[in-house]
Amino acid sequence: MIDIALDMEQYDCPFIDTTADHDVAFAAVHWDFDQRVRELETRMVVEAEDAGVLDTGLGSLQAHGNMNECTLLRREDNAAHIRTTIEETAAMGTIRDNGGYITGPFHIEAGSETWHVGFDRGRDADTTLSELDRDNEYDVVERTSTTLPQLQDLVQNAGAAMTLVDGCRDLSDTERETLETAVSEGYFESPRDATLGSLAEDFGVSKPAVSKNLRRGERKMIERVVEALDDIED
């Protein structure tokens, strides 16, 4: 299996057009392609800086000429959950006509879309990229070849992966930012390139405060790692 991550700009996609005109972002949580009518049904999470921007963005999406259906399922402040149905885009048709398929969730923001697509054969992937290059702007972010044992391992250990994702979601914004900064500045290296004092200066807090945030974040992640280790199948 060939797995390719693409940063794609499509000229007939209502989601991309909406994010180009409004400061909103879409993330797919479910998708289903109806081969009979060549339509893509998705359930999306939409986020914006504030409720007003979200209203404007949703209104623009619903009015788009290539949007067949857009239903609001749930809304909380500046985020919404929607169900949509759109016609097959030209790029989507090119990928499917060459035996390609979606392998992961896609994210759309600032006029471009991150796609994860798969192919069973390398030559089909090469043909698709060549055809996409004629009418679309894209960059190949990553291309990997997955062996059958690797694919089996991925499927068997999906639960462990989700445990780690849940651990990341458990972090508060402060804990996440503290951990990210500590890693990027070398706090966990040996010898250390950063200290509690330098991290405290970065965040404008005391050393005990930054130490507490680090410990809380580490504890949450370590607990999830241990859970994931129990879920991993040898």
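Residues numbered from 1 in each chain as written. Predicted model: local features only at pLDDT ≥ 70, side-chain atom pairs only at ≥ 80, totals over all residues. Heavy atoms only, no water.

Engineer: Tell me about the packing of aromatic side chains, residues and numbers included.
Structural biologist: Evaluated as defined, the whole model comprises 3 aromatic pairs. Note on Phe15 and Phe26: the rings are 5.3 Å apart at their centroids and 65° apart in plane angle, and the pair reads as edge-to-face. Of this pair, Phe15 sits in helix H1 (residues 14-21) while Phe26 is found in strand E2 (residues 24-34), placing the two residues 11 residues apart along the sequence. Both residues of the pair, Phe15 and Phe26, count as buried. (Phe/Tyr/Trp six-rings, centres within 6.5 Å; stacked < 30°, edge-to-face > 60°. Helix = DSSP H or I, 4+ residues; strand = E, 2+ residues; numbered from the N terminus. Buried < 20%, exposed > 50% of the residue type's maximum accessible area, 1.4 Å probe, protein only.)

Engineer: Residues and numbers for the nonpolar core, please.
Structural biologist: Core analysis: the biggest nonpolar cluster contains 35 residues, and Ile4, Leu6, Phe15, Phe26, Met44, Ile82 and Trp115 have the highest contact counts within it. Those residues within four positions of Ile82 in sequence are excluded, and the remaining contacts are Phe26, Thr42, Arg43, Met44, Val46, Leu58, Leu61, Cys70, Thr71, Leu72 and Leu73. Counting 10 residues, the second-largest nonpolar core is a separate cluster that includes Tyr187, Ala194, Leu199 and Ala200. (Core = buried A, V, L, I, M, F, W, Y, C linked by side-chain atoms within 4.5 Å. Contact = heavy atoms within 4.5 Å.)

Engineer: So what's going on with unusual backbone geometry? Residues and values would help.
Structural biologist: Following Ser190, the chain continues into Pro191 via a peptide bond in cis, with omega recorded as 0°. Turning to its location among the elements, Pro191 is positioned in the loop between helix H7 (173-184) and helix H8 (196-203). With a phi close to 55°, Arg38 is a non-glycine residue in the positive phi region. Positionally, Arg38 belongs in the loop between E2 and strand E3 (39-48). Classification of Arg38 by relative accessible area gives partly exposed; the value is 25%.

Engineer: Report on the layout of surface pockets, specifying residues and quantitative values.
Structural biologist: Volume-wise, the largest pocket comes out at about 190 Å³. Forming the boundary of the largest pocket are 17 residues, of which Leu40, Met92, Ile102, Phe106 and Trp115 lie nearest the centre. Classifying every residue of the lining of the largest pocket by side-chain character gives 12 nonpolar, 2 polar and 3 charged. (1 Å grid on protein atoms, 1.4 Å probe; cavity = no way out; pocket = protein on both sides within 12 Å on 5 of 7 lines; lining within 4 Å. Points joined across faces, edges and corners; volume = space filled by probe spheres on them. Nonpolar A, V, L, I, M, F, W, Y, C, P; charged D, E, K, R; others polar.)

Engineer: Tell me about the UniProt feature "domain: HVO-2525 N-terminal" (unreviewed entry) in the protein, residues and numbers included.
Structural biologist: When the UniProt feature table is mapped onto this chain numbering, "domain: HVO-2525 N-terminal" (unreviewed entry) sits at residues 3-138. Secondary structure over residues 3-138 splits into 32% helix and 46% strand, and the C-alpha atoms at its two ends are 16 Å apart. (UniProt positions renumbered as here; feature names shortened; annotations may be inferred.)

Engineer: Which residues make up the environment of Ala182, and what are the values?
Structural biologist: Counting through the fold element by element, Ala182 comes out in helix H7. Sequence-wise, Ala182 and Ala80 are 102 residues apart; in three dimensions their C-alpha atoms are separated by 33 Å. In contact with Ala182, not counting residues within four places along its chain, are Tyr187, Phe188, Leu199 and Leu214.

Engineer: Explain the pattern of salt bridges residue by residue, including any values.
Structural biologist: For the structure on display, the rule yields 13 salt bridges. Where Glu69 meets Arg83, a salt bridge forms, and the shortest distance between an N and an O atom there is 3.0 Å. Residue Glu69 is found in strand E4 (residues 67-76), and its partner Arg83 is found in strand E5 (residues 79-87); the two are separated by 14 residues along the sequence. Residues Asp166 and Arg169 are paired through a salt bridge, measuring 3.7 Å at the closest nitrogen-oxygen approach. Pair noted here: Asp166 and Arg169 are both in helix H6 (residues 158-170), with a separation of 3 residues, about one helical turn. For Arg169, a relative accessible area of 60% gives the class exposed. Put simply, Arg38, Glu88 and Asp97 are held in one network by salt bridges that share partners. (Salt bridge = Lys/Arg side-chain N within 4 Å of Asp/Glu carboxyl O.)

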